[in-house]
Amino acid sequence: MAELHLSGVQKIYPNGYHAIHGIDLGVADGEFIVLVGPSGCGKSTLLRMVAGLETVSDGTIDIGGRVVNNLEPADRDIAMVFQNYALYPHMKVYDNMAYGLRNRGMAKDEIDRRVREAAGILEIEPMLDRRPNQLSGGQRQRVAMGRAIVREPSVFLFDEPLSNLDAKLRVQMRVEIKRLQRRLGITSLYVTHDQVEAMTMADRLVVMNGGRAEQIGTPIELYDRPETTFVATFIGSPSMNLLEGTVAEGGTSVALDSGASINLPDPRADLAGRSVTLGVRPEHLTPAADGSGMTLRLDLVEALGADTLLHGHLDGDERRLVTVRLSGHFAPGQDSVQVAATDAVHLFDRETGGRI
Amino acid sequence: MVENRPYLTVLSHLVVILGIIITVMPIWITFVASTHPIEHIMDGTIPMWPGDKFFENYATVLGAGVADAGGIPVGTMLFNSLVMALSITIGKIAISLIAAYAIVYFDFPFRMACFWLIFITLMLPVEVRILPTFAVVANLGLLNSYVGLSLPLIASATATFLFRQFFLTVPEELAEAARIDGAGPWKFFKDILLPLSRTNIAALFVILFIYGWNQYLWPLLVTTDESFYTIVMGIQRMTQAAESLPLWHLVMATTMLAMLPPVIVVVVMQKLFVKGLVETEK
Ligand SMILES: Nc1ncnc2c1ncn2[C@@H]1O[C@H](COP(=O)(O)OP(=O)(O)O)[C@@H](O)[C@H]1O
Ligand SMILES: [Mg+2]
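No experiment lies behind these values; they were computed from the predicted model shown.

Cut-offs used in this document
Residues numbered from 1 in each chain as written. Chains lettered and ligands numbered in written order. Predicted model: local features only at pLDDT ≥ 70, side-chain atom pairs only at ≥ 80, totals over all residues. Heavy atoms only, no water. Helix = DSSP H or I, 4+ residues; strand = E, 2+ residues; numbered from the N terminus. Rg over C-alpha atoms; globule rule 2.2 N^0.38 Å. Buried < 20%, exposed > 50% of the residue type's maximum accessible area, 1.4 Å probe, protein only. Contact = heavy atoms within 4.5 Å. Areas by Shrake-Rupley, 256 points an atom, 1.4 Å probe, with all protein chains shown as cover. Lys, Arg positive; Asp, Glu negative; His and termini not counted. Charge placed at Lys NZ, Arg CZ, Asp CG, Glu CD. Phe/Tyr/Trp six-rings, centres within 6.5 Å; stacked < 30°, edge-to-face > 60°. Pairing = 2+ DSSP bridges. Axes fitted to C-alpha atoms, helices over the stretch in contact; angles between N-to-C directions. Buried area = accessible area lost by both parts, 1.4 Å probe. Salt bridge = Lys/Arg side-chain N within 4 Å of Asp/Glu carboxyl O. Polar contact = N/O pair within 3.5 Å; in protein donor to acceptor, adjacent residues only side chain to side chain. Nonpolar A, V, L, I, M, F, W, Y, C, P; charged D, E, K, R; others polar. Patch = residues over 30% accessible without salt bridge, like charges linked within 9 Å, V, L, I, M, F, W, Y side chains within 5 Å. Core = buried A, V, L, I, M, F, W, Y, C linked by side-chain atoms within 4.5 Å. Near = heavy atom within 4 Å.

### Focus on the overall build of chain B
Looking only at helices and strands, chain B has 14 helices and 0 strands in total. Of the regular secondary structure in chain B, the N- to C-terminal order runs α-α-α-α-α-α-α-α-α-α-α-α-α-α. Relative to its length of 282 residues, chain B is extended, with a C-alpha radius of gyration of 24 Å against a globular reference of 19 Å. Taking the principal axes of the C-alpha coordinates as reference, chain B spans close to 75 × 65 × 30 Å. Here chain B holds 282 residues, and the buried ones make up 41% of them. Within chain B, residue pairs in contact and separated by at least 24 positions form 71% of the contacts whose partners lie at least 6 positions apart.

Here it is in structure tokens:
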């Protein structure tokens, strides 16, 4: 059990590549933090610095009140689960889990107790005598989890632990990991590029982009109040629609470049005349009566059962793709629909992409 | 896939049988010859079936040795060969493992330079560097010793290279997981890398043992003391017995005995050997 604090953490790789540009993050005891972002944004780098597998170029990493920058991974009181599990292929499941404890010189019966307890929690007791190559992907994942659990660490580190599993198992393991973390109450740092995984598992999310933390917050905060267009489009599926426009006189509406106009729920007189990017999520566009709203020319209709996704573009703007999510079914055969935005619209500066 | 074409089956079996005959025939003749008295061999027709002198011939060879070839008992020569082959094999494997481990897992200055230096020595087998090597061994006073027989043959670029290639295929995460598990460099090597290399080691053991066993030129150069003669040179000396005809029946018995250890090594290591060649256990 411990808090984890990163302050001003930077990473410059020996080849000069500046992978992390200074990250500050405080993680409360028992909190589940997800680092999410597109591939190559530095998530693994950051996690590996916490693990001690990469050196810290600048800033400090503090686990449980102790600066660990110069400690070996084994001395940091962390446990890590790797994407490809990294189980020792020649050792039985039991030994895979016990290896780290033996290296610490722990007594045999204590090791046995911990391994059996972890195996019980993870329901892998019947497999303790098998080798990793005699296990399925999901079972290997559990063994990897077991190896982390037996250490009873202060911090769990996960690097995309589910990305090698098939979709169904991924959902199942996602729930299990989350439940397990709750039960053990161990502070966790979890890396993924999958925003659904991130949203469902995290107490708080860190959305990373190009080695920087774009925004840190709870899933709902990020969904309701994205601070940048990057976060706005990254969180939520399908992505938020971004439409260019200009705030009208009096700030009560935005005149889109396509010609249509969208009313603002809270008038923004301060922004009158300013060029903005207006963001509206697919689920916040609803069908409107003929003559009102905007005309969406349909390119593609995807029926998901409960919902229907309409893809198309607005009249007057051929380039910008717009997605609408309707609940229920959609009568086929139409080539355009009238849509209107609900109150949940977001305004971003057109130049910087920051929320205004 | 397996095709069901009878004439192809017959043909392929014929080829295989022919191959076996070509391979086995000389060994059979050697064995047969080693069980006859010398007169049967010298009278012009090679017997095709074993004679009745099996025990006698082998007892002579193993016991007293062949007088005309210096009278060194074959047992001594077999022992010398065994010591030399094992020293070369174990030495080569040990050194190559350690060198490859250093090159793959440690970041030290001139790492690649070291690798290329080792790699370049591939171009310098014993036969090429035999004179300078002999000079060095002689100056060190290692002539007529087991060290002199095996040491110069131990440094091995081939095995280093093979282990390097194997280590490169071991996922990096394994080393990282071991670090997190508190395994230092030595523990990682001993507990993880070595067991993973098991099949590769077995395959190399077989190949290197035969390489060491079959050394001819080098032992010939560095040994003048008969008690250090190896079996391969011994056979050669027997066929060149001075002043008399070679005692072919005893030469053949010795040859049979010389073949035995490599065969045993192959048979014992076979399972691991094949595994090492065809699969990587990761
Ligand atoms: N050892 C390294 N040397 C140089 N650059 C690296 C190294 N490892 C990763 N990088 C670079 O750092 C960036 C972040 O990598 P990483 O943290 O692995 O991204 P991800 O968010 O996909 O996990 C990438 O652009 C990658 O190319
Ligand atoms: Mg990564």
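Additional details are given in the paragraphs that follow.
### Focus on the overall build of chain A
Scanning chain A from N- to C-terminus turns up 8 helices and 20 strands. Structurally, chain A occupies a C-alpha span of about 80 × 45 × 35 Å along its principal axes. Contacts in chain A between residues at least 24 apart in sequence constitute 64% of all its contacts with a sequence separation of at least 6. Put simply, chain A shows about 15400 Å² of open surface, and 47% of that area lies on carbon and sulfur atoms. Distance from the positive charge centre (37 side chains) to the negative charge centre (47 side chains) of chain A: 8 Å.

### Digging into the packing of aromatic side chains
Overall, the coordinates contain 26 aromatic pairs over all chains when judged by the stated rule. When the ring of phenylalanine 32 of chain A is compared with that of phenylalanine 158 of chain A, the centres are 6.4 Å apart and the planes differ by 25°; the resulting orientation is stacked. Of this pair, phenylalanine 32 of chain A sits in strand β3 (residues 32–36) while phenylalanine 158 of chain A sits in strand β7 (residues 155–159), and the two are 126 residues apart along the sequence. Phenylalanine 158 of chain A matches phenylalanine 32 of chain A in its accessibility class, with the two residues each being buried. Between tyrosine 101 of chain B and tyrosine 105 of chain B, the aromatic rings sit 5.5 Å apart at their centres with planes inclined by 50°, giving tilted as the arrangement. Of the two residues, tyrosine 101 of chain B and tyrosine 105 of chain B both sit in helix α4 (residues 74–105), 4 residues apart, roughly one turn of that helix. The partly exposed category is assigned to tyrosine 105 of chain B, whose relative accessible area is 25%. Among the aromatic residues, ring-to-ring pairing joins Tyr101, Tyr105, Phe106, Phe163, Phe166, Phe167, Trp186, Phe188 and Phe189 of chain B into one connected group.

### Let's talk about the sheet that holds strand β20 (residues 345–349) of chain A
Residue and element names in this part refer to chain A. Here 5 strands make up an open sheet; going across it, the order is β13-β12-β11-β14-β20 and the pairing antiparallel. Looking along the sheet, the strands with just one partner apiece sit at the ends: β13 (261–263) and β20. On average, each strand axis in the sheet is tilted by 40° relative to the strand beside it, whichever way the strands run. Pairing of strand β14 (residues 275–280) with β20 involves 5 bridges; the strand directions are antiparallel. Looking at β20, one finds that glycine 279 is bridged to histidine 346.

### Examining the interface of chain B and chain A
Listed as interface residues are 18 residues of chain B and, on the opposing side, 22 residues of chain A. Between chain B and chain A, roughly 1800 Å² of surface is buried when both sides are summed, and carbon and sulfur atoms account for 57% of that area. Of all residues in chain B, Arg179, Ile180 and Asp181 of chain B give up the largest surface area on contact with chain A, accounting jointly for 39% of the area buried on that side. A salt bridge links arginine 48 of chain A to glutamate 176 of chain B; its shortest N-O distance comes to 2.8 Å. Summed over the shared surface of chain B and chain A, the number is 13 residue pairs in polar contact (both at pLDDT 80 or more). Those elements that place two or more of their residues in the side of chain B that touches chain A are α9 (172–180) and α10 (185–196) of chain B. Looking at the side of chain B that touches chain A, the element that brings in the most residues is α9 of chain B, giving 7 residues. Looking at side-chain class alone, the side of chain B that touches chain A contains 9 nonpolar, 1 polar and 8 charged residues.

### Observations concerning a positive patch on the surface
There is a patch of like positive charges on the surface, built from Lys92 and Arg131 of chain A together with Lys271 and Lys275 of chain B. Here lysine 271 of chain B lies in helix α14 (residues 248–278). In this structure lysine 271 of chain B comes out as exposed when scored by relative accessible area, which is 74%.

### Overview of the pattern of salt bridges
Residues and elements named next belong to chain A. Tallying each qualifying case throughout the model produces 23 salt bridges over all chains. As a salt-bridge pair, arginine 116 and aspartate 112 come within 3.2 Å of each other at their nearest N and O atoms. Within this pair, arginine 116 and its partner aspartate 112 are both found in helix α3 (residues 108–122), separated by 4 residues, close to a single helical turn. Judged by its relative accessible area of 43%, arginine 116 is partly exposed. One network of salt bridges, in which partners are shared, links Glu110, Arg113, Arg114, Glu117 and Glu152.

### Digging into α9 of chain B
When α9 of chain B is considered as a whole, its buried residues turn out to be Leu174, Ala175, Glu176, Ala177, Ala178 and Ile180 of chain B. Against α1 (43–51), β6 (78–81) and α4 (137–149) of chain A together with α4 and α10 of chain B lie the buried residues of α9 of chain B. Taken from the residues just after α9 of chain B, glycine 182 of chain B is the one with a positive phi, measuring 80°.

### Remarks on the nonpolar core
In this structure, Leu6, Leu46, Ile61, Leu157 and Leu189 of chain A together with Phe167 and Ile192 of chain B are the most contacted members of the largest nonpolar core, which totals 84 residues. Looking at this core element by element, the count peaks at 9 residues for α4 of chain B. Those residues within four positions of leucine 189 of chain A in sequence are excluded, and the remaining contacts are Leu4, Leu25, Ile33, Leu35, Leu47, Val50, Phe156, Leu157 and Phe158 of chain A. Residues Val34, Ile149, Met173 and Tyr190 of chain A belong to the second largest nonpolar core, which totals 48 residues.

### Remarks on the site of ligand 1
All names here are of chain A. Ligand 1 sits among Tyr13, Asn15, Tyr17, Ala19, Ser39, Gly40, Cys41, Gly42, Lys43, Ser44 and Thr45. One of the side-chain N or O atoms of tyrosine 17 is found 3.4 Å from an oxygen atom in ligand 1. Cysteine 41 has a polar backbone atom sitting 3.2 Å from an oxygen atom of ligand 1. About the coverage of ligand 1: the protein hides 64% of its 560 Å² of free accessible area. With 3 residues, the top contributor of residues to the shell around ligand 1 is α1. Among the residues forming the shell around ligand 1, the class breakdown is 4 nonpolar, 6 polar and 1 charged.

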